[in-house]
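# Fold and contact review
Given next are the chains, with one letter for each unit.
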Amino acid sequence: MLGTIFFLLFISLVCFAIYRITLKYKPKLFYNKDGKMGEILSKMESTKKPYQPTPWLFNRHLQTIYGLRLRGRSSYKPQREDIHFKDNGQVTIEYFVKENLPDDAPILYIIHTLGGGSRESCTNFMATYFMKNSYRVVICSCRGCNGSKLTSRRLFNGYQTDDLITIISHVSQKYPSAKNKFLIGFSLGSMIAAQYGIDCNETDIDGIICISHTLRCAQGLSKIETPFNRRLYYETMMRTLKHLVKKSTFYSEEEKKEVMKTKLFKEYDEIVTAKNMGLNHASEYYDLLDLKPKVLKIKVPTLFILAENDPFTSADWIPIEEINKSEYVAFITTKEGGHVSFCQGLDNKVSYSEEVSLDFCKSISEIKSN
């Protein structure tokens, strides 16, 4: 009897392994066929091929944790440069550049996840992949992140783009002959990137890619405040936020004690983010991050890449009606992929989001050159 049970379990595991190895999904595309995104997407071969998730990452949490923390990073050591802002704040940006790269090489700007930087897997692999394809990659660090010194009270948020505008302006002045310029944002970075698509000078950036945007901020926070998700993600994210305030010399001891007591993002954002932005409540900040009101205001070709099993959001929140009217916004969704992960194939040398992102940039460059 026991032998039969083990045999059946073994057969079940073999069948499941075969199923996972052969599993493929057709990506879904949402866009206005009469808009500018139609021409770009028609040139992209990556959107026509199936997405084959890494077999042994068989649920959203394995995919997310591996993509965020465990995928590793390259041994490349980027060049660092300090950028100073008008309010005395600063960040340290990083350059991923291969040898003998010409000054007119295309530029890719990357904004990392909440509290992340060039060492996190999704940012590092994207930067390395584009660097190998002869792009000058710039990691646009947020305040207090990626080894940046805190020289002002202001910390990062997902809405204000003035720091990013300063960084892009600085790099553009250094490399005025760059053929094309693109921007990629991951998670919180995708919120900044989406807002930049509204705030930017249209000549600054040729295309934007937003990976794993949460779509609706307040509802997204509710999804990761469940007991299971709190242990996997939330507590680590809260520690990151608290650490920034704790090490800052621009907050009083009373303020620091108040921040250390917080258990929810909303509590932290009420004390820190909203006040730093001149807002009355955290809910006002979250409203500013929601994607739906932004879609028709974005004025640069922008591609959103989202997994339907992303634990931080829901594909039901995709603003399809607005996308169908937009000249510049398109969505590509995959059945699996987790949050900022999109691991594919057995070896996962190149993620699906990396492959699609490069294809998107090359397609825009080809259209512009013609």
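Look up: the structure comes first, before these words.
Before going into details, it helps to say that this report is about the structure given with it. All figures in this text were calculated on a predicted structure; none of them were measured in a lab.

## Quick word on the overall build of the chain
Counting its regular elements, the chain contains 14 helices and nine strands. For a compact globule of 370 residues, the expected C-alpha radius of gyration is about 21 Å, and the chain comes in at 21 Å, within 12% of that figure. Summarising its shape, the C-alpha atoms of the chain cover approximately 70 × 55 × 45 Å along the three principal directions. Counting over 370 residues, the chain shows a buried share of 57%. Carbon and sulfur atoms make up 53% of the accessible area of the chain, which totals about 16,900 Å². With 50 positive and 41 negative side-chain charges, the chain shows a separation of 5 Å between the mean positions of the two kinds.

## Brief notes about the pairing of strand β2 (residues 79–84)
Strand direction decides the pairing type here: β2 and strand β3 (residues 90–96), joined by six bridges, are antiparallel. When the bridges of β3 are listed, Ile83 appears paired with Val91. Following β2, the chain reverses through five residues before pairing antiparallel with β3; Asn88 in that reversal takes a positive phi of roughly 75°.

## Remarks on the packing of aromatic side chains
If you walk through the whole model with that rule in mind, you get 10 aromatic pairs. Here the aromatic rings of Tyr234 and Phe265 are separated by 4.9 Å at their centres, their planes lie at 85°, and the arrangement is edge-to-face. A residue pair is termed long-range when its members are at least 10 positions apart, and Tyr234 in helix α8 (residues 227–247) and Phe265 in helix α10 (residues 265–271) qualify at 31 residues. The buried category is assigned to Tyr234, whose relative accessible area is 1%. Put simply, the rings of Tyr129, Phe130, Tyr135 and Phe182 pair up and form one aromatic cluster.

## So, a nonpolar patch on the surface
Taken together, the side chains of Phe16, Tyr19, Phe58 and Leu62 define a hydrophobic patch exposed on the protein surface, amounting to about 390 Å² of accessible area. Its place among the elements puts Tyr19 in helix α1 (residues 2–22).

## Overview of the pattern of salt bridges
All chains considered together, the criterion is met by 14 salt bridges. A salt bridge links Asp163 to Arg154, with the nearest nitrogen and oxygen atoms 3.8 Å apart. Take Asp163: its relative accessible area is 12%, and that puts it in the buried class. The shortest N-O distance in the salt bridge between Lys335 and Glu308 comes to 3.8 Å. With Lys335 in the loop between β9 (329–334) and α14 (352–369) and Glu308 in the loop between β8 (302–307) and α13 (320–325), this pair connects stretches of sequence that are 27 residues apart. Judged by relative accessible area, Lys335 falls into the partly exposed class, the value being 45%. Assessed through its relative accessible area of 24%, Glu308 is described here as partly exposed. One connected set of salt bridges, linked through shared partners, spans Asp87, Arg143, Arg154, Asp162 and Asp163.

## With respect to the packing of α8 against helix α9 (residues 253–260)
Contact geometry of α8 with α9 gives a least axis separation of 10 Å together with a crossing angle of 170°. One element, α8, and the other, α9, form an angle in the roughly antiparallel class. Two secondary-structure elements touch here, α8 through Lys242, Val245 and Lys246 and α9 through Lys256, Val259 and Met260.

## Here's the deal with the side chain of Asn309
Structurally, Asn309 can be placed in the loop between β8 and α13. For Asn309, a relative accessible area of 10% gives the class buried. A distance of 2.9 Å separates a polar atom in the side chain of Asn309 from a polar atom in the side chain of Gln63. Residue contacts for Asn309: discarding those within four places in its chain leaves Asn59, Arg60, Gln63, Lys335, Glu336, Gly337 and Gly338.

## As for the nonpolar core
Counting 73 residues, the largest nonpolar core has Tyr109, Val171, Leu183 and Phe265 as the members making the most contacts within it. The contact partners of Leu183, leaving out residues within four places of it in the chain, are Leu108, Tyr109, Ile111, Leu164, Ala193, Tyr196, Ile205, Gly207, Ile208 and Ile209.

## Quick word on the state of the cysteines
Per the counting criterion, the structure on display carries zero disulfides. With no disulfide of its own, Cys142 lies closest to Cys145 among cysteine sulfurs, the gap being 5.4 Å. Residue class for Cys142 comes out buried when judged on its relative accessible area of 10%. With no disulfide partner, Cys210 has as its closest neighbouring cysteine sulfur the one in Cys200, 11 Å distant. On the basis of relative accessible area, Cys210 is assigned to the buried category, the value being 0%.

## Notes on the environment of His243
For His243, the location among the structural elements is in helix α8. Sequence-wise, His243 and Glu94 are 149 residues apart; in three dimensions their C-alpha atoms are separated by 22 Å.

Criteria and thresholds
- Residues numbered from 1 in each chain as written.
- Predicted model: local features only at pLDDT ≥ 70, side-chain atom pairs only at ≥ 80, totals over all residues.
- Heavy atoms only, no water.
- Helix = DSSP H or I, 4+ residues; strand = E, 2+ residues; numbered from the N terminus.
- Rg over C-alpha atoms; globule rule 2.2 N^0.38 Å.
- Buried < 20%, exposed > 50% of the residue type's maximum accessible area, 1.4 Å probe, protein only.
- Areas by Shrake-Rupley, 256 points an atom, 1.4 Å probe, with all protein chains shown as cover.
- Lys, Arg positive; Asp, Glu negative; His and termini not counted.
- Charge placed at Lys NZ, Arg CZ, Asp CG, Glu CD.
- Pairing = 2+ DSSP bridges.
- Phe/Tyr/Trp six-rings, centres within 6.5 Å; stacked < 30°, edge-to-face > 60°.
- Patch = residues over 30% accessible without salt bridge, like charges linked within 9 Å, V, L, I, M, F, W, Y side chains within 5 Å.
- Salt bridge = Lys/Arg side-chain N within 4 Å of Asp/Glu carboxyl O.
- Axes fitted to C-alpha atoms, helices over the stretch in contact; angles between N-to-C directions.
- Parallel < 35°, antiparallel > 145°, perpendicular 65-115°, else oblique.
- Contact = heavy atoms within 4.5 Å.
- Polar contact = N/O pair within 3.5 Å; in protein donor to acceptor, adjacent residues only side chain to side chain.
- Core = buried A, V, L, I, M, F, W, Y, C linked by side-chain atoms within 4.5 Å.
- Disulfide = S-S within 2.5 Å.

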